[in-house]
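Summary of structural features
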Amino acid sequence: MEEVDKIIIHTCRQIGCNLDDDVSSLREFSTSLIIEAVVRCLRVIDHSINLSHQLPPGMSARYRLGTDLANACVNLGWRGEIGYQTFLYSNDVEIRRILMFLIEKLPKETETISDEPLGKNALLKRKLSAELSRCLNQPWLPPVCKKKGLRWDSKGTWQREGTVGNHSYRSEILTIPEGLGDINREIKKDLKDYYTRHLPVVNLQPSQSKHAAPSLLERNAELVTAAQEWETEWNTLGLQSRLTEKDYRARKAERLKKRISAQIQESLKQSESNTSAVSDLLQVIGAPSEKRESGKGSRFTHAEKLQFAKDDDKLASEMALGEGPKVSSEEEIKQQQEEEANSLREQLRELTSQLEKMEIDMKNYKAGITELEEEQKDLEKQYEANQDLYKVKKKTMDLLPDADNNIAKLQSVVDASIQRLQSLHKQWEEHRTPLIAECEKLQQENDTQANESLKKVEDIRALREKMKEVAEETKGKEESYKQLVEDYKTLTRDLNRSAYTRRIMEIVGNIRKQKEDIEKILIETRSLQKEINQASGKLNRTFTATDEMIFKDAKKDESVRKAYKFLASLHESFDQLIKTVEDTGSIMREIRDLEDQVDKELGKKTGANLEKISSDLKQMKQENQGLIAKVKGK
């Protein structure tokens, strides 16, 4: 225990406990030293624990501090009985166990420290480095997510930390070169030249530099989703198609091209129908003959040319007569322009109203046309059905004059068709049986192949899942390896572990010596037990032999009879003597056990603890009386 106490004291000095040089055992620890050692160990283990390492003067504060220490030890994993009394009214055994438990929970940086005692400056530097490492290991949080992100600005206003450079999240389309790193992919020379010479860098493509990061994130998200969609499609549809990945992509591209071409053709047809409808409307409204023939242009161009046609005719007539336009003032020109604009607006309104009416009429006409087309289709179907009935009835009417001969002919035809059907049925059965057998065989082969393919697909999926799991495991191991390497780099290299190793070797040597002594004692006890067993067996054998010999002569001689009685009494006395020796041995063992229990109870400092409890009780009563007096005084 002395070596264990030395290790505990050495560790307490390393973590900053103010211990005297004369302290060499836990028995010399006072209550204040015990609380200081426990609190400093808890602070090193968990930096979030903010407990005072000094013993408070008030008894209520002491009880509260002891309860907090007990709860902290339980949260760390202590499974024994613990409470405030463990620290305030402690004994050596319990404090030794608790300090050993806390020292085992200390991090590695505190376990590998040099043997020399550290001063206040070294402890301050160590605290600063520990705090900086803790801050660096924590994940970065934006100021919006922080609870205390407000600060007082130099302008005299409250401002949230880091909100000066905030801006809206806006992404733009980026052009990223594709296929340059793929050797099997062929790229055109012009495209490669554009990628290498003319395409700007990714961070210069957005209109503003602050949009570069959102654009890259959006692009990356699109690529990830596209890759996931392709993987799911290939795992479901691609593997079932039994094609290679290249062939599957080519077939998909052909389908997309066909679909796009069909949509383009439909849109062209719709545009042609729309232009023809607009040209018809313009013809109804009164567009010029040249535009009617061409049928090109929008309704706004037609309306504009209709408006300015009269003005062009007037100007042409004036030019022909030699009369030029009269010069007028600016006000008259403005008034004329306003009048022309108003007239044009009225014309435009009239035209739009006419167009709306025409559109409504066109919709009505189209609805009527569709109804008529449906009626026409129904009439055509009725006509075809009536025509078939007419043909049948006409043939029957033609056969009525010579009914007997026609019936006989029909009977012969029916018999011939029945015979022909029977022969065809026999031929079909002859061809059908081998075909059915072959079909069943092929069906079985197809089923087996389908089952094998499904098994292979399931195996491939399982292998891919295993690959993903292995990849995740490797990533986790790589991250842990990097973290361990960083931790190893942060450790100081000039540390001395000779004290720990020397003490551990001494403890191991003492344990080995004690083990050897125990083995010697066990061997001696075993040999003594054997000797005792041999002696008792020899005694029993000699007693039985002498008993038989004397018992034979005791019937004849009186002196031999007395000797037999003395032998029996001697044997009983020896048995009692052996029992007394055994009882004395058991009593001595009980005495040793009781002495050990007494030593343990003396180690618990029961008397001193009772005196402390009585003094603390008196102090508590005094504090309560003082508080009651304060309350009454108020």
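Residues numbered from 1 in each chain as written. Predicted model: local features only at pLDDT ≥ 70, side-chain atom pairs only at ≥ 80, totals over all residues. Heavy atoms only, no water.

When helices and strands are counted, the chain shows 17 helices and two strands. For the chain, buried positions account for 16% of its 634 residues. The contacts of the chain with a sequence gap of at least 6 include a subset with a gap of at least 24, amounting to 55%. Surface exposure of the chain reaches about 51,600 Å², of which carbon and sulfur atoms provide 55%. (Helix = DSSP H or I, 4+ residues; strand = E, 2+ residues; numbered from the N terminus. Buried < 20%, exposed > 50% of the residue type's maximum accessible area, 1.4 Å probe, protein only. Contact = heavy atoms within 4.5 Å. Areas by Shrake-Rupley, 256 points an atom, 1.4 Å probe, with all protein chains shown as cover.)

Attention now goes to the side chain of Ser215. Relative to the helices and strands, Ser215 resides in helix H9 (residues 212-241). Leaving out residues up to four positions away in the same chain, Ser215 has contacts with Arg170, Ser171, Glu172, Leu174 and Pro206.

We now examine a positive patch on the surface. A cluster of like positive charges, contributed by Arg251, Arg255, Lys258 and Arg259, occupies part of the molecular surface. Relative to the assigned elements, Lys258 resides in helix H10 (residues 245-285). Exposure remark for Lys258: the relative accessible area of 60% places this residue in the exposed category. (Patch = residues over 30% accessible without salt bridge, like charges linked within 9 Å, V, L, I, M, F, W, Y side chains within 5 Å. Salt bridge = Lys/Arg side-chain N within 4 Å of Asp/Glu carboxyl O. Lys, Arg positive; Asp, Glu negative; His and termini not counted. Charge placed at Lys NZ, Arg CZ, Asp CG, Glu CD.)

We now examine a negative patch on the surface. Residues Glu371, Glu373, Glu374, Glu375 and Asp378 make up a contiguous surface patch of negative charge. For Glu374, the position within the fold is in helix H13 (residues 330-399).

Applying the stated criterion across every chain yields a total of six salt bridges. The partner of Glu233 in a salt bridge is Lys252, and the shortest N-O contact between them spans 2.9 Å. You can see Glu233 sitting in helix H9 and its partner Lys252 sitting in helix H10, a full 19 residues away along the chain. The salt bridge partner of Arg249 is Glu245, with a shortest N-O separation of 3.4 Å. Taken together, the residues Arg249 and Glu245, both in helix H10 and four residues apart, mark about one turn of the helix. For Arg249, a relative accessible area of 43% translates into the label partly exposed.

Side chains of Leu256, Ile260, Ile264 and Leu268 sit close together on the surface and give an oily, nonpolar patch of about 360 Å² of accessible area. Along the chain, Leu268 falls in helix H10.

Across the interface, helix H2 (residues 31-45) lies against helix H3 (residues 59-76) with an axial gap of 11 Å and an inter-helix angle of 40°. Judged on the interaxial angle alone, H3 and H2 are oblique. Along this stretch, H2 crosses H3, giving a crossing that reads as left-handed. Here Ile35, Val38, Val39, Leu42 and Ile45 of H2 lie close against H3, whose contacting residues are Leu65, Leu69, Ala72 and Leu76. (Axes fitted to C-alpha atoms, helices over the stretch in contact; angles between N-to-C directions. Parallel < 35°, antiparallel > 145°, perpendicular 65-115°, else oblique. Left-handed = near helix turned anticlockwise from the far one by under 90°.)

Taken as a whole and judged by the stated rule, the model has six aromatic pairs. Each ring, one from Trp230 and one from Tyr248, has its centre 5.9 Å from the other, and the planes form 40°; the classification is tilted. In this pair, Trp230 is assigned in helix H9 and Tyr248 in helix H10, connecting sequence segments 18 residues apart. Residue classification places Trp230 among the buried residues on the basis of a relative accessible area of 18%. Judged by relative accessible area, Tyr248 falls into the buried class, the value being 7%. Each residue in the set Trp230, Trp234 and Tyr248 is aromatic and connected to the rest through ring pairs, giving one cluster. The lysine or arginine in question, Arg249, covers the ring of Trp230, its NZ or CZ lying 4.0 Å from the ring centre. (Phe/Tyr/Trp six-rings, centres within 6.5 Å; stacked < 30°, edge-to-face > 60°. Lys NZ or Arg CZ within 6 Å of the ring centre and 35° of its normal.)

Tracing the chain through its elements places Ser586 in helix H16 (residues 558-603). A polar atom in the side chain of Ser586 sits 2.7 Å from the backbone oxygen of Asp583. (Polar contact = N/O pair within 3.5 Å; in protein donor to acceptor, adjacent residues only side chain to side chain.)

The subject of this paragraph is the packing of H2 against helix H5 (residues 92-105). As a packed pair, H2 and H5 sit with axes 9 Å apart at the nearest point and diverge in direction by 20°. Considering their axes alone, H2 and H5 lie roughly parallel with respect to each other. H2 and H5 meet at a crossing whose hand is left-handed. Residues Ile34, Ala37, Val38, Cys41, Leu42 and Ile45 of H2 pack against Ile95, Leu99, Leu102 and Lys105 of H5.

This part covers helix H1 (residues 2-14). Between the first and last C-alpha of H1 there are 18 Å, a value that for 13 residues agrees with the 18 Å anticipated at 1.5 Å per step. The complete set of buried residues in H1 reads Glu3, Asp5, Ile7, Ile8, Ile9, His10, Thr11, Cys12 and Gln14. Directly after H1, the chain includes Gly16, whose backbone phi takes a positive value near 110°. (Expected span 1.5 Å × (residues − 1).)

What follows concerns H5. Under the 1.5 Å per step criterion, the end-to-end length of H5 is 20 Å for 14 residues, consistent within 8% with the ideal 20 Å. Inspection of H5 places Asp92, Ile95, Arg96, Ile98, Leu99, Phe101, Leu102 and Ile103 among the buried residues, and these make up the whole buried set.

So, on to the environment of Leu199. Of note, Leu199 is situated in the loop between helix H8 (189-198) and H9. Under the relative-accessibility criterion, Leu199 is labelled buried at 13%. Considered as a pair, Leu199 and Thr175 are 24 residues apart in the sequence and their alpha carbons are 8.1 Å apart. Other than its neighbours up to four places away in sequence, Leu199 contacts Thr175, Pro177, Tyr194 and Gln205.

Counting 38 residues, the largest nonpolar core has Phe29, Val38, Leu69, Phe87 and Leu102 as the members making the most contacts within it. Considering every element that reaches this core, the biggest residue donor is H2, with nine residues. Residues contacting Phe29, with those up to four places away along its chain left out, are Ile9, Leu19, Val23 and Ile34. Core analysis: the next-biggest nonpolar cluster, separate from the first, contains five residues, Trp230, Leu239, Tyr248 and Val457 among them. (Core = buried A, V, L, I, M, F, W, Y, C linked by side-chain atoms within 4.5 Å.)

Predicted confidence across the chain gives a mean pLDDT of 77, with 79% of residues reaching 70 or more. Within the model, pLDDT remains below 50 along residues 109-118, and this stretch shows 24 contacts once partners closer than five positions in the same chain are excluded. Note on residues 284-328: pLDDT under 50 across the span, and 28 contacts to partners over four residues away in sequence or across chains. (pLDDT = per-residue confidence, 0-100.)

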